[in-house]
Amino acid sequence: MNVATILAGKGRDVTTISSTADLLDVARSLSAQKIGAIIVTDDGGAVSGIISERDIVNAIAKNGAEVLLRPVSNHMTQNVITCHDEETTSDLMGKMTQGRFRHLPVVNDGKLDGIISIGDVVKMRIAEAQLEADAMREYIASG
Ligand code: AMP
């Protein structure tokens with residue numbers, strides 16, 4: 001199973017925000033959408049960063065609550081690791097483990113085309129394990 005399979009189930013909508021928005025806007029959007037990270041896009045729609053709940057917690061811990069009125073650009077991660085439709089759950093787990101993050105924007109042909117969270121990957125791995133167990137049971141029963 002790959003990224004395209006996961007997105008066929010969850011859809012390709014992605015919550016984005018401008019780098020000039022402030023951290024309070026991000027917190028409100030994360031809360032309203034019940035998500036953990038937002039993709040920062042520039043005017044042309046290209047990915048210019050990612051900001052997650054962890055970045056907000058770190059910013060407040062370091063600077064105090066007034067940081068909530070500072071722009072996203074000061075606190076987002078600029079070097080964003082992405083994935084594409086053909087990558088497998090195992091590829092995604094490798095990238096998330098190595099980068100120590102829980103979100104991967106999907107970019108196909110240079111265009112933002114979805115987002116995968118660690119929850120999506122876990123759900124897909126459980127489905128894969130179930131399929132393997134079913135196939136094994138069927139094989140044993142047919143012998
Ligand atoms: P998360 O685990 O997604 O809450 O993110 C933990 C940290 O990694 C935060 O500083 C994020 O800005 C950063 N981060 C999240 N996703 C990515 C990604 N795909 N590429 C690079 N950094 C990321």
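Check the entry above for the structure.
We now turn to the structure provided with this report. Bear in mind the structure is a predicted one, so any value in this text is a computation, not a measurement.

### Here we look at the environment of R102
Relative to the elements of secondary structure, R102 occurs in the loop between α4 (89–99) and β4 (103–108). As a C-alpha pair, R102 and S18 span 84 residues in sequence and 21 Å in three-dimensional space. What R102 contacts, discounting residues up to four positions off in sequence, is E53, R54, M96, I116, S117 and I118.

### Notes on the pairing of strand β5 (residues 111–117)
Taken across its seven residues, β5 has five buried, putting it largely inside the fold. Two strands pair when backbone bridges link them, and β4 and β5 are joined in this way by six bridges, in the antiparallel orientation. Of the residues in β5, the one forming a bridge with N108 is K111. Once β4 ends, the chain turns through two residues before running back antiparallel as β5, passing D109 with a positive phi of about 50°.

### Re the nonpolar core
Within the largest apolar cluster, 14 residues are counted, with the highest numbers of intra-cluster contacts made by I17, L23, V26, I38, V40, I51 and V72. Going through the elements one at a time, α2 (23–33), β2 (37–41) and α3 (53–63) are the ones with two or more residues in this core. Broken down by element, this core gets its largest block of residues, three residues, from α2. Among all residues touching I17, those that are not within four sequence positions of it are D25, V26, I38, I39, V40 and T41. In terms of nonpolar packing, the next biggest core, distinct from the first, is built from eleven residues, V3, L7, M96 and V106 among them.

### Concerning the side chain of N2
Position of N2 relative to the elements: it lies in the segment before α1 (3–10). Exposure remark for N2: the relative accessible area of 18% places this residue in the buried category. A distance of 3.2 Å separates the side chain of N2 from the backbone nitrogen of A4, its partner in a polar contact. With sequence-adjacent residues up to four places away left out, N2 is seen in contact with D85, E86, E87 and T88.

Thresholds, definitions, all that
Residues numbered from 1 in each chain as written. Predicted model: local features only at pLDDT ≥ 70, side-chain atom pairs only at ≥ 80, totals over all residues. Heavy atoms only, no water. Helix = DSSP H or I, 4+ residues; strand = E, 2+ residues; numbered from the N terminus. Contact = heavy atoms within 4.5 Å. Buried < 20%, exposed > 50% of the residue type's maximum accessible area, 1.4 Å probe, protein only. Pairing = 2+ DSSP bridges. Core = buried A, V, L, I, M, F, W, Y, C linked by side-chain atoms within 4.5 Å. Polar contact = N/O pair within 3.5 Å; in protein donor to acceptor, adjacent residues only side chain to side chain.

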